[in-house]
Amino acid sequence: MGILYNVPDLKTWGFMAFVLLALIAFNELGRTKKWGGILLFVIVPLVLTIAIWPTTAAPGNEYGTGNWFNWVKTYSALAGCVGFMLIRFCPKIEHSKFAMYFPPIILAANICEAVMRDFQVFSWGLTEGGYVDNLWTISGPWNVMNGIAGIFNILLICGWSGIFVSKEKSRDMMWPDMDWIYILTYDLWNFAYTYNCISDHSVYCGMLLLLSCTIPSFFIKRGCWLQHRAQTLALWIMFIMTVPTFADRVAPVPTTHNPTAFFIVSFLALASNAGLFIYQVYVIRKNKKNPLKDELYTETAHYKKIVAEN
């Protein structure tokens, strides 16, 4: 994979394809079947929390899963899945004026966790690279650049007043103002975060995981990107907390450990998020919108099509 990764063998390509397809398939199960969502995001994690994770994700273990970030990320992703299901399937919550604050808050909280991690990695001063929590990482200006990109990404969250539940049987949580431009800038930022902070796992928890929610957002069910993102993120974290050897020993795809690659990835994330922030300020001022109350992109074809379809 050129400058980013050491090219894996054919077997590893097969594992990568399987991971991507499995995440998309299980996401669809959790999306289209109410019982599927309850099974995947309530019953399974409850069993794993009691019976499996105390061993496979024990503090300080040799796989890098036993740190505060993994545990917090696991339950914040699951909290998003459960909260979104409550919005989708509980009429009292769906029509509560406070319910629509939950999606932007949980999204912002998840981004904030990653921003803190980028800054933390920079503070370690591992300018030549090194191992922390049994994961290789390297500190540099890219951590600061991408931390700032993440802050821009939080500020770009908009239009939550227009969140609604679709009339289809799946009752998806629709967020039409979450335009394709935001999705792609989020993807660039989040990939840079995983590349910076979980380097040798980033082809799975970055590239493939992001594709697993972006592909459905464009080609399967448009308008509910955050729902796709929460579910695929929870699925992957639960898997890696349960099988922590997968990314290191079963099908490893290490980065090239090239500082230039880290810089380029984070520069693209910062440039795209800063650029969209400038554009969004322009839209707000031009149309005299209040970003805390109004939807910003109601005149776009993307917005109109999602509302018409649902």
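Residues numbered from 1 in each chain as written. Predicted model: local features only at pLDDT ≥ 70, side-chain atom pairs only at ≥ 80, totals over all residues. Heavy atoms only, no water.

A.B. asks: So what exactly am I meant to see when it comes to the layout of surface pockets here?
C.D. replies: The method is simple in principle: a probe with the dimensions of a water molecule rolls over the atoms, and the space it marks as empty is what remains. Here the largest pocket defines a volume of roughly 320 Å³. Lining the largest pocket we find 14 residues, and of these Ala22, Leu23, Phe26, Leu235 and Phe239 sit closest to its centre. If you list the elements that add at least two residues to the lining of the largest pocket, you get helix 1 (10-32), helix 2 (34-51) and helix 10 (225-242). Grouping the amino acids of the lining of the largest pocket by side-chain chemistry returns 13 nonpolar, 1 polar and no charged. Considered as a void within the structure, the second largest pocket measures approximately 230 Å³ in volume. (1 Å grid on protein atoms, 1.4 Å probe; cavity = no way out; pocket = protein on both sides within 12 Å on 5 of 7 lines; lining within 4 Å. Points joined across faces, edges and corners; volume = space filled by probe spheres on them. Helix = DSSP H or I, 4+ residues; strand = E, 2+ residues; numbered from the N terminus. Nonpolar A, V, L, I, M, F, W, Y, C, P; charged D, E, K, R; others polar.)

A.B. asks: Explanation requested: the pattern of salt bridges in the structure shown.
C.D. replies: Pairs can form between side chains of opposite charge once their charged atoms are near each other. One pass over the full model with this rule turns up 7 salt bridges. For Glu94, the salt bridge is made with Arg171, and the minimal N-O distance between the two is 2.6 Å. Taken together, the residues Glu94 in helix 5 (residues 91-94) and Arg171 in the loop between strand 3 (164-165) and strand 4 (173-174) connect sequence positions 77 residues apart. A relative accessible area of 25% means that Arg171 is categorised as partly exposed. Here Lys221 makes a salt bridge to Glu168, at a shortest N to O gap of 2.5 Å. (Salt bridge = Lys/Arg side-chain N within 4 Å of Asp/Glu carboxyl O. Buried < 20%, exposed > 50% of the residue type's maximum accessible area, 1.4 Å probe, protein only.)

A.B. asks: Hey, could you run me through the UniProt feature "transmembrane region" (unreviewed entry) in the chain in this one?
C.D. replies: Under the feature "transmembrane region" (unreviewed entry), the UniProt entry names residues 12-30, 37-56, 68-86, 144-166, 201-220, 232-251 and 263-284. With 52% helix and 9% strand, residues 144-166 has end C-alpha atoms that lie 39 Å from one another. Helix makes up 90% of residues 201-220 and strand 0%, and the two end C-alpha atoms of the span are 27 Å apart. (UniProt positions renumbered as here; feature names shortened; annotations may be inferred.)

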